[in-house]
Amino acid sequence: MIRKACSDMTILVTGARGAVAGELIALLRRRGLPVRPASSRPEDPSVVACDLTDPATFPAALAGVDSVFLYAEPSHIDAFVKEAVTAGVSHLVLLSSSAVLAPDPDANPLAKSHLDVERALTAAPVRGTLLRPGTFAGNALAWAWPIKAGAPVSLPFPGSYVDPLHEADLAEAAAAVLTDPALGGRAYTLTGPDSITCAEQIGVLGRAIGRDIAIKQVTREEWKAEMADYLPGPIADALLDWQQLNDGVPTEITTDLEHLIGRPGRPFATWAQEHTAAFTP
Ligand SMILES: NC(=O)c1ccc[n+]([C@@H]2O[C@H](COP(=O)([O-])OP(=O)(O)OC[C@H]3O[C@@H](n4cnc5c(N)ncnc54)[C@H](OP(=O)(O)O)[C@@H]3O)[C@@H](O)[C@H]2O)c1
């Protein structure tokens, strides 16, 4: 068996400014593994440029790389895969989404970009691993402003279920598939440890910051109007459809995360306790 030289074992982590990539970079460094952080907008010299919408950035980012943690940006995925194969990359690990498992994912704007990248990886002559998380715990940061201001949180579907997944657990799962060859080459549906409603999430946040947080139930139209500055209309509609679909319907919790990290994921209460500063004035 030909062993790769140590310098060829480098792991390229795209999306370095994101919560999952940031946790993954720190984790790989703590384990002493050769990691190359990359960002579409590198802010310091230790981070290389890799803009997944700009193929000109691919060759330098991929040179000498053995495996890649990849964000799902479909616009130039074929060029990225081609360059990765040229560079001798042996494993591509995609941060996809469980939205690809939704009915008619080709027509679902939350699923489509992830699906297109999954298809490119599946067709590629290189091993691909698909991480399909459900809902990030960090999405709760979208409620930080009203909670800080002491205002009620607007919820169109307070009884809609989610499975908040701690980003550090997702990073740990990514590190597992990147470093253990026995785990790569398949798809994993990753959920948080508990299925809880949006209203229950607000209750958990309230207990973490030590006061009750009011909820204001709003219509789809009112919520869309509130989010108009942050979310394009089709994405807002898809998120509303997703919440409506899960209203009163507990999320199925999988065992894939525990299989990869060897323990259950951290509960939403842990994430909330770690992030109280974001919810207090
Ligand atoms: N939020 C959820 O509940 C959830 C659930 C399932 C799947 N996901 C998926 O997880 C990913 C991150 O979601 P998020 O909510 O954490 O979003 P986010 O906080 O807005 O992070 C966006 C990430 O995308 C990277 N990125 C953006 N443009 C890029 C480009 N042109 N080239 C390379 N990287 C680029 C950013 O890194 P740089 O700025 O450093 O390039 C950053 O890491 C998304 O693909 C999302 O669909 C999210």
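Just so it is clear, the model here is predicted, and its values are computed rather than measured.

J.: Just checking my understanding: could you explain the overall build of the protein chain for this structure?
T.: Check the secondary structure of the protein chain and you find twelve helices and eleven strands. Rg of the C-alpha trace for the protein chain: 19 Å, near the compact-globule value of 19 Å for 281 residues, within the 12% margin. Relative to its 281 residues, the protein chain shows a buried fraction of 38%. Contacts spanning at least 24 positions in sequence make up 73% of the contacts within the protein chain whose residues lie at least 6 apart.

J.: Sorry if this is basic, but what is going on with the site of the ligand here?
T.: In the region of the ligand, 22 residues are neighbours, and Gly15, Arg17, Gly18, Ser39 and Ser40 sit closest. Residue composition of the shell around the ligand, grouped by class: nine nonpolar, nine polar and four charged.

J.: Explain the sheet that holds strand S2 (residues 35–39) to me, please; I cannot follow it from the model alone.
T.: By way of backbone hydrogen bonds, the strands of a sheet pair with one another, either parallel or antiparallel. With parallel pairing, the seven strands of this open sheet are ordered in space as S3-S2-S1-S4-S5-S6-S9. Each edge of the sheet is formed by a strand with only one pairing partner; in this case those strands are strand S3 (48–49) and strand S9 (187–190). Looking at chain direction, strand S1 (residues 10–13) and S2 are connected through three bridges and run parallel. Residue pairing in the sheet places Ile11 in a bridge with Val35 of S2.

J.: Is there a simple way to think about helix H6 (residues 167–179) in this case?
T.: In an α-helix there are 3.6 residues to a turn, and that puts residues three or four apart on one side. The first and last C-alpha atoms of H6 sit 18 Å apart over 13 residues, in line with the 18 Å expected at 1.5 Å per residue. Counting buried positions along H6 yields eleven of 13 residues, so the element is predominantly enclosed.

J.: Where do I start with the pairing of strand S6 (residues 127–133) in this structure?
T.: The side chains of a regular strand alternate, first on one face of the sheet and then on the other. Counting buried residues along S6, six of its seven residues qualify, which places the element largely inside the surrounding structure. Pairing analysis gives five bridges linking strand S5 (residues 91–95) to S6, with the strands arranged parallel. When the bridges of S6 are listed, Leu95 appears paired with Leu131. At this point the chain moves from S5, through helix H4 (residues 109–123), to the parallel S6, and the crossover so formed is right-handed. Bridge count for S6 against S9 is four bridges, and the pairing is parallel. When the bridges of S9 are listed, Leu130 appears paired with Ala187.

J.: Honestly, the environment of Glu258 in this entry has me stumped. Any pointers?
T.: Here Glu258 lies in helix H10 (residues 256–261). Residue classification places Glu258 among the partly exposed positions, given that 17 C-beta atoms sit within 10 Å.

J.: Please clarify how the pairing of strand S4 (residues 65–71) should be interpreted in this entry.
T.: For S4, the buried fraction is high: six of the seven residues fall into the buried class. Here S1 runs beside S4; their pairing, made up of four bridges, is parallel. From the neighbouring strand, Thr10 faces S4, where its bridge partner is Val65. Crossover connection from S4 via helix H3 (residues 77–87) to parallel S5: handedness right-handed.

J.: Can you walk me through the domain arrangement of the protein chain in this structure?
T.: You'll often see interface size given as the accessible area lost when the parts meet. What the domain assignment lists for the protein chain is domain 1 (8–133) and domain 2 (135–165 + 192–251 + 264–281). Using C-alpha coordinates to define each centre, domain 1 is positioned 28 Å away from domain 2. Counting from both sides, the interface comprises five residues of domain 1 and, opposite them, seven residues of domain 2. Here the side of domain 1 that touches domain 2 is built from residues that sort into four nonpolar, one polar and no charged.

J.: Explanation requested: the environment of Thr57 in the structure shown.
T.: Structurally, Thr57 can be placed in the loop between S3 and helix H2 (58–62). Residue Thr57 is classed as buried on the basis of its C-beta count, with 20 C-beta atoms lying within 10 Å. Separated by 23 residues in sequence, Thr57 and Phe80 place their C-alpha atoms 9.6 Å apart. Ignoring any residue separated from it by four or fewer positions in sequence, one finds Thr57 in contact with Ala49, Cys50 and Asp51.

J.: I would appreciate a short explanation of the nonpolar core in the present structure.
T.: Most often, soluble globular proteins have nonpolar side chains that are buried together. Residues Val13, Leu24, Phe69, Val93, Leu94 and Ala174 are the most contacted members of the largest nonpolar core, which totals 66 residues. Two domains each donate at least three residues to this core, and these are domain 1 (8–133) and domain 2 (135–165 + 192–251 + 264–281). When neighbours within four sequence positions are excluded, Ala174 is seen to be in contact with Leu24, Phe69, Val93 and Leu131.

Here is what the cut-offs are and how they apply
Residues numbered from 1 in each chain as written. Predicted model: local features only at pLDDT ≥ 70, side-chain atom pairs only at ≥ 80, totals over all residues. Helix = DSSP H or I, 4+ residues; strand = E, 2+ residues; numbered from the N terminus. Rg over C-alpha atoms; globule rule 2.2 N^0.38 Å. Buried ≥ 20, exposed ≤ 12 C-beta atoms within 10 Å, placed from the backbone. Contact = placed C-beta atoms within 7 Å. Near = placed C-beta within 6 Å. Nonpolar A, V, L, I, M, F, W, Y, C, P; charged D, E, K, R; others polar. Pairing = 2+ DSSP bridges. Expected span 1.5 Å × (residues − 1). Right-handed = clockwise from strand over helix to strand, strands pointing away. Domains from an automatic or database assignment. Core = buried A, V, L, I, M, F, W, Y, C linked by C-beta atoms within 7 Å.

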